[in-house]
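Survey of secondary and tertiary structure
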Amino acid sequence: GAVVSQHPSWVICKSGTSVKIECRSLDFQATTMFWYRQFPKQSLMLMATSNEGSKATYEQGVEKDKFLINHASLTLSTLTVTSAHPEDSSFYICSARDPGETEAFFGQGTRLTVV
Amino acid sequence: DAKTTQPPSMDCAEGRAANLPCNHSTISGNEYVYWYRQIHSQGPQYIIHGLKNNETNEMASLIITEDRKSSTLILPHATLRDTAVYYCIGYKNSGGSNYKLTFGKGTLLTVNP
């Protein structure tokens, strides 16, 4: 099946710095990718839809200036957490679907810890 | 997408069948039932999906009631590695790469030795 890869798997950063997370579709092209966030013992919450070649669509309550999304190619979307604070510490997960498949595939997730 | 209801947790003995129920009484006629699972600290993994008919693959079986108001995911011989949170999701498959899934709280299945 299709593979979606995230990098890095975990990152620790200082408060006030920015962190970039990459999401790649390895063997298919994805015009749309999705970014989720998951706090401990909670379910996945959709943050935004990443659209290749156009602006991302953010869910209600998600700050677009804080969570910058860039989808510059059909195989890569990036999420940048700007001016990170401890409350941004979470598990970030991306997903994408190969148009030829019937299900979405998820990356392995990125554990962000802001200290 | 249809709202789904699942028990928060279940236990199963290793080697036994695990039957995970899901209620989706408001599901519409063109919405599929998808099952994903999430092992601790990993991204969700696709298991199976169906519309009306029962489905089986190498991972599990999906039994959908005739009225489509509920379904059961069956892991025929649960192993310790099947311990995970299982999500039942109602989704209208419109094709293409647009695939926005809404996750509920799921069921934490614990497989005991």
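Each remark here, short or long, concerns the structure printed above.
Below is a short write-up of the structure. Predicted model, so just to flag it, every value in this text is computed and none were measured. (Residues numbered from 1 in each chain as written. Chains lettered and ligands numbered in written order. Predicted model: local features only at pLDDT ≥ 70, side-chain atom pairs only at ≥ 80, totals over all residues. Heavy atoms only, no water.)

In terms of nonpolar packing, the biggest core is built from 24 residues, with Val4, Trp35, Phe67, Leu79, Tyr92 and Leu112 of chain A touching the most fellow members. The set of elements that each furnish at least two residues to this core consists of β2 (10-13), β3 (19-25), β4 (32-38), β5 (45-51), β7 (67-73), β8 (76-81), β9 (90-96) and β11 (110-114) of chain A. The residues touching Val4 of chain A, leaving out its near neighbours within four places in the chain, are Cys23, Arg24, Phe28, Cys94, Ala96, Phe105, Phe106, Gly107 and Gln108 of chain A. In this structure, Leu20, Cys22, Trp35 and Tyr86 of chain B belong to the second largest nonpolar core, which totals 20 residues. (Core = buried A, V, L, I, M, F, W, Y, C linked by side-chain atoms within 4.5 Å. Buried < 20%, exposed > 50% of the residue type's maximum accessible area, 1.4 Å probe, protein only. Helix = DSSP H or I, 4+ residues; strand = E, 2+ residues; numbered from the N terminus. Contact = heavy atoms within 4.5 Å.)

This paragraph deals with the state of the cysteines. This structure, assessed with the given rule, holds two disulfides over all chains. Sulfur-sulfur distance for the disulfide between Cys23 of chain A and Cys94 of chain A comes to 2.0 Å. Taking the torsion about the S-S bond as the criterion, the Cys23 of chain A to Cys94 of chain A disulfide, at about 80°, is right-handed. Linking Cys23 of chain A in strand β3 with Cys94 of chain A in strand β9, this pair joins segments that are 71 residues apart in sequence. Take Cys23 of chain A: its relative accessible area is 0%, and that puts it in the buried class. Paired by a disulfide, Cys22 of chain B and Cys88 of chain B hold their sulfur atoms 2.1 Å apart. (Disulfide = S-S within 2.5 Å.)

Looking now at the sheet that holds strand β5 (residues 55-56) of chain B. All names here are of chain B. Read from one edge of the open sheet, four strands run β2-β7-β6-β5, paired in antiparallel fashion. Among the strands making up the open sheet, the edge pair consists of β2 (18-23) and β5. Two elements, β2 and strand β7 (residues 70-75), share six bridges in a ladder whose sense is antiparallel. Directly across from Pro21, in β7, lies its bridge partner Thr72. (Pairing = 2+ DSSP bridges.)

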